[in-house]
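# Topology and contacts: notes
Listed below, chain by chain, are the residues.
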2 protein chains.
Amino acid sequence: MRFTSQATLDGVTEQLFALDGVPGVLWTPDGASGIRPLIVMGHGGGQHKKAPGVVARARRFAAEGGFAVVAADVPNHGERPKDAELDRIASEIPSRVAAGEDAAALVAALHALVAGQVIAEWQAVLTAVQQLGNVGAGPVGYWGVSLGGGLGVPFVAGEPRVRAAVLGLAGSPGLAGTAARITVPVQFLVQWDDERIPRDRSLAVFGALGSAEKTLHANPGKHGDLPSFETGSALRFFARHLN
Amino acid sequence: MRFTSQATLDGVTEQLFALDGVPGVLWTPDGASGIRPLIVMGHGGGQHKKAPGVVARARRFAAEGGFAVVAADVPNHGERPKDAELDRIASEIPSRVAAGEDAAALVAALHALVAGQVIAEWQAVLTAVQQLGNVGAGPVGYWGVSLGGGLGVPFVAGEPRVRAAVLGLAGSPGLAGTAARITVPVQFLVQWDDERIPRDRSLAVFGALGSAEKTLHANPGKHGDLPSFETGSALRFFARHLN
């Protein structure tokens, strides 16, 4: 793990790093030392580790929750090299949606192509970050919606270090089957008028989650309209389960 | 408005009162003076103004939120005289549910019988309580689920002083039409495995709400299994909209 830059703003330190070719960013409370909860954050499709929503959420989790937060570019995103096949699939989605088609199959194909690789990368990042003196091997949470939800469901299902997760905006065919293997507490976010994910598929993923504690938070609006107050709700959910 | 008793415990003062034959209870932070947000709280069917869940929630709203909270016995509940017709309808519900029937029509009939009367009573209580020196005419919220949701939907729809509401566990036929007239922010609670209210009817009431801001909170479990962490969520929702 190689750190390449460090900057502190408003009480939160942001460090860029690379781990075996995967570029990432770590946020910690300024001057933090010792073990603390760590949130792994997955970004959305077409976004990257420092997309504005990711940064705003991560900084708030660090400043208000005292958490460490880590995000990494998934393949074909951010600073990573372009993959022609992934590009082709991603570029088809808007036009298929505009034509009135259900884009779920395309999204599922996209997620399946990257999921296996991403999960191994996130596990390696998690292991490396937990060896740092200002993070340590404390409780781990996961936050991710849309692409970060589609990848997050298999990540949380297969990673026993994750103890609580905020997931959502994901309803690809087959995802419910994977969701059934999740047993940790989940807050599951749904946009009621999501133009990309049929509502019944979203509700099916929530219903399938194997967790004894799971809460569906559904808000009006389209795929990109997640209200900002859900960040506060996620923060309190993680505080309740990881502190 | 006639106060009949007063007691203070853990920083919250509880005052019993009667207003035109309606018995009620008011909780305020101990020593409070001046205008503060007021939450009108509706109790569940078969419960009353001092049911354990009502008291615990009201005390937390007063202690942690600094709110005033008022609850009153609805007809045929608590200290109010028995009504034979209401009793007969209420007593039929468990056996009809046990026989595998959808109890929604029975619940709807019960709610319709009491709704008109209760709304006028709550409006009178609201007016009287807001004239007290330690409450005043500040912002008003409403909290009620089950019977308190079935009555709360028409109350919130028709009472312009209410600026935010937590409603739920209600899906009687016809309720969606009334919900469409609500325009204030709503947090709507659904139990995913509610044995009394078909899930699609609950979701239809949420979908029908005319509010620009509305959030569905759905949790696993039956009608009576609402998780306690939803009290904290309601408190923060009211703090966001009434402070």
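Here is a short report on the structure shown in this document. Because the structure is a prediction, the values reported are computed rather than measured.

Conventions used here
- Residues numbered from 1 in each chain as written.
- Chains lettered and ligands numbered in written order.
- Predicted model: local features only at pLDDT ≥ 70, side-chain atom pairs only at ≥ 80, totals over all residues.
- Least-squares fit on C-alpha atoms with pLDDT ≥ 70 in both.
- Contact = placed C-beta atoms within 7 Å.
- Helix = DSSP H or I, 4+ residues; strand = E, 2+ residues; numbered from the N terminus.
- Buried ≥ 20, exposed ≤ 12 C-beta atoms within 10 Å, placed from the backbone.
- Nonpolar A, V, L, I, M, F, W, Y, C, P; charged D, E, K, R; others polar.
- Pairing = 2+ DSSP bridges.
- Axes fitted to C-alpha atoms, helices over the stretch in contact; angles between N-to-C directions.
- Parallel < 35°, antiparallel > 145°, perpendicular 65-115°, else oblique.
- Left-handed = near helix turned anticlockwise from the far one by under 90°.
- Core = buried A, V, L, I, M, F, W, Y, C linked by C-beta atoms within 7 Å.
- Arc of directions from axis to C-beta.

### Side note on the relation of the copies chain B and chain A
Turning chain B through 180° and shifting it by 0.0 Å along the axis lays it on chain A, with an RMSD of 0.0 Å. Given the turn and translation reported, the copies of this chain are related as if by a two-fold rotation axis. Judged by C-alpha distance, histidine 217 of chain B is the residue of chain B that lies nearest the rotation axis, at 2.5 Å. Comparing contact sets, 100% of the residues at the interface of chain B also lie at the interface in chain A, consistent with an isologous, same-surface contact.

### Re unusual backbone geometry
Residues and elements named next belong to chain A. Even without a glycine there, the phi angle at aspartate 10 is positive, about 50°. Tracing the sequence through the fold places aspartate 10 in the loop between strand E1 (2-9) and strand E2 (12-19). Overall, the presence of 8 C-beta atoms within 10 Å leaves aspartate 10 in the exposed class. The phi dihedral of asparagine 76 is positive, around 70°, even though this residue is not glycine. As for its placement among the helices and strands, asparagine 76 is situated in the loop between strand E5 (68-72) and helix H2 (84-98). Asparagine 76 gets classed as buried once you count the C-beta atoms within 10 Å, which come to 20.

### Describing the environment of lysine 50 of chain B
Residue and element names in this part refer to chain B. Relative to the helices and strands, lysine 50 resides in the loop between strand E4 (38-42) and helix H1 (52-65). Look at lysine 50 and you get partly exposed, because 17 C-beta atoms sit within 10 Å. Once the C-alpha coordinates of lysine 50 and alanine 72 are considered, the two residues, 22 residues apart in sequence, prove to be 8.7 Å apart. Sequence-distant contacts of lysine 50, that is, excluding residues within four places in its chain, are made with Val25 and Val55.

### Details of the interface of chain B and chain A
Contacts between the two partners involve 11 residues from chain B and, on the opposite side, 11 residues from chain A. Elements that contribute at least two residues to the side of chain B that touches chain A include exactly strand E9 (214-219) and helix H7 (229-242) of chain B. With six residues, the single largest contributor to the side of chain B that touches chain A is E9 of chain B. Of the residues that constitute the side of chain B that touches chain A, the class distribution is five nonpolar, four polar and two charged. Pairing geometry for strand E9 (residues 214-219) of chain A and E9 of chain B, over three bridges, is antiparallel. Counterpart to histidine 217 of chain A in the pairing with E9 of chain B is histidine 217 of chain B.

### Considerations on the pairing of strand E7 (residues 162-168) of chain B
Residues and elements named next belong to chain B. Most of E7 is tucked away: six of the seven residues are buried. Relative to strand E8 (residues 186-191), E7 is paired through four bridges, and the arrangement is parallel. Bridge pairing links valine 166 to glutamine 187 in E8.

### Digging into the packing of helix H3 (residues 104-129) of chain B against helix H4 (residues 147-158) of chain B
Residue and element names in this part refer to chain B. Contact pair H3 / H4: the axes reach a minimum separation of 9 Å and the direction vectors enclose 50°. Between H3 and H4, the angle falls in the class oblique. With respect to the hand of their crossing, H3 and H4 are arranged in right-handed fashion. Of the residues in H4, those touching H3 at Val107, His111, Val114, Ala115, Val118, Ile119 and Trp122 are Leu147, Gly150, Leu151, Pro154, Phe155 and Gly158.

### Some words on the nonpolar core
Counting 137 residues, the largest nonpolar core has Ala68, Val69, Val70 and Val156 of chain A together with Val69, Val70 and Val156 of chain B as the members making the most contacts within it. Ranked by residue count, the leading element in this core is helix H3 (residues 104-129) of chain A, at nine residues. The contacts of valine 69 of chain A, once residues within four sequence positions are left out, are Trp27, Ile39, Met41, Ala58, Phe61 and Ala62 of chain A.

### A few points about helix H6 (residues 199-208) of chain A
Residue and element names in this part refer to chain A. Buried within H6 are the following residues: Ser202, Leu203, Val205 and Phe206. Down the axis of H6, the sector holding all buried residues measures 155°, keeping them to one side. Here the buried face of H6 lies against helix H5 (175-179), strand E8 (186-191) and E9.

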